[in-house]
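# Secondary and tertiary structure notes
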Amino acid sequence: MKIAVLSRNPRLYSTQRLVEAGQQRGHEMVVIDTLRAYMNIASHKPQIHYRGAPLEGFDAVIPRIGASITFYGCAVLRQFEMMGVFPLNESVAISRSRDKLRSLQLLSRKGIGLPITGFAHSPDDIPDLIQMVGGAPLVIKVLEGTQGIGVVLCETQKAAESVIEAFMGLKQDIMVQEYIGEAGGADIRCFVVGDKVIAAMKRQAAPGEFRSNLHRGGTASLIKITPEERSTAIRAAKAMGLSVAGVDILRSNHGPLVMEVNSSPGLEGIEETTGRDIAGIIIQYLEKNAEHGLTRTRGRG
Ligand code: ADP
């Protein structure tokens, strides 16, 4: 197969591993700098040009689209879909997953366990919003933050009120969430490919920190997940329409709660922790599933 990897940087661990795994299995792997792909949106013959020439003959595309370029990246991916190239994850599913609130709404529709989450516009509604999610301590999240940035733990009602007011004053959309203290600063990253969890790791926040993101000093270790956690992760990825996803789960007193479904999950932490060839499994998934013109949505929102 001829497989495109949409990535801004060929030297990133995940990009390198996907290229390596594809080549090992005899495929032609081409890294395309997402922001340098440009499009001719013509009827009948949609095209993508790259460094002066049209891109042709691709069987599949692996999107590795960073959060800061979601809009442009999804447009490029959608153009590949219009050309009939099979996407590992579809553009529509990626854009859904980038909006934390929309993602939670889609997951709730499928009855997947979630932390109680509130969303409001007017400062007048702050007291009831806080009540709704069970009062302090609570977590406030900027809707489009990543790597734990814009995720704030408010220990008291007063702190929560002033932080929410401040974000609202800055016209920054936020959601307010029940704090799952019993998770003890840990979460579980389940790596889903197709309809299987192929690897899982526990991430533990650094001492004095509640966010377990590896970028915030969290440490990863192996973990055995329960059948309920496994099925929750698979259902969450499916609800989002993602074939490959990193599903982040909190262990609460009343079962697994999904915090987030990531559409471009990093490979480095999970491969190092589990010793599994995740990149190879992703390529195998494409070998089994990539069929010309086979997208569920063909770019429809
Ligand atoms: P990001 O997408 O920026 O990583 P998350 O929503 O995943 O943001 O939050 C970052 C981290 O904060 C999580 O990995 C988790 O450890 C912690 N966290 C987030 N929400 C909660 C919550 N409701 N209760 C307890 N811990 C949380």
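Everything quoted here is computed from the prediction, not taken from an experiment. (Residues numbered from 1 in each chain as written. Predicted model: local features only at pLDDT ≥ 70, side-chain atom pairs only at ≥ 80, totals over all residues. Heavy atoms only, no water.)

## Quick notes on the nonpolar core
- With 44 residues, the main nonpolar core has Ile32, Phe80, Leu107, Cys190, Val247, Val258 and Val261 as its most contacted residues.
- Considering every element that reaches this core, the biggest residue donor is helix H7 (residues 227-240), with 5 residues.
- Once residues lying within four places of it in the same chain are set aside, the contact partners of Cys190 are Val197, Ala199, Ala200, Ile225, Ala233, Ala245, Gly246, Val247 and Ile249. (Core = buried A, V, L, I, M, F, W, Y, C linked by side-chain atoms within 4.5 Å. Buried < 20%, exposed > 50% of the residue type's maximum accessible area, 1.4 Å probe, protein only. Helix = DSSP H or I, 4+ residues; strand = E, 2+ residues; numbered from the N terminus. Contact = heavy atoms within 4.5 Å.)

## Quick word on unusual backbone geometry
- Pro137 follows Ala136 through a cis peptide bond whose omega is -5 degrees.
- Along the polypeptide, Pro137 turns up in the loop between helix H5 (126-132) and strand S9 (138-142).
- For Arg51, which is not glycine, the phi dihedral falls at a positive 45 degrees.
- Overall, the relative accessible area of 53% leaves Arg51 in the exposed class.

## Remarks on the UniProt feature "binding site: ATP" (unreviewed entry) in the protein
- According to UniProt, the feature "binding site: ATP" (unreviewed entry) maps to Lys141, Glu178, Tyr179, Asp187, Arg211, Ser212 and Asn213 in the numbering used here.
- For Lys141, the location among the structural elements is in strand S9.
- Overall, the relative accessible area of 7% leaves Lys141 in the buried class.
- Among all residues touching Lys141, those that are not within four sequence positions of it are Lys100, Gly150, Val151, Asp173, Ile174, Met175, Gln177 and Met259.
- By secondary structure assignment, the location of Asp187 is in strand S12 (residues 186-193).
- Among all residues touching Asp187, those that are not within four sequence positions of it are Met201, Lys202, Arg203, Ser212, Asp248, Ile249, Leu250 and Met259.
- Within polar-contact distance, the side chain of Asp187 engages the side chain of Arg203 at 2.8 Å. (UniProt positions renumbered as here; feature names shortened; annotations may be inferred. Polar contact = N/O pair within 3.5 Å; in protein donor to acceptor, adjacent residues only side chain to side chain.)

## With respect to H7
- Between its first and last C-alpha, H7 extends 20 Å over 14 residues, near the 20 Å set by a 1.5 Å rise per residue.
- Every buried residue belonging to H7 is among Glu229, Thr232, Ala233, Ala236, Ala237, Ala239 and Met240, and all of these are buried. Buried residues in H7, looked at end-on, bunch into an arc of 160 degrees, giving them a common side. Facing away from the buried side of H7 by more than 90 degrees, the exposed set consists of Pro227 and Lys238. (Expected span 1.5 Å × (residues − 1). Arc of directions from axis to C-beta.)

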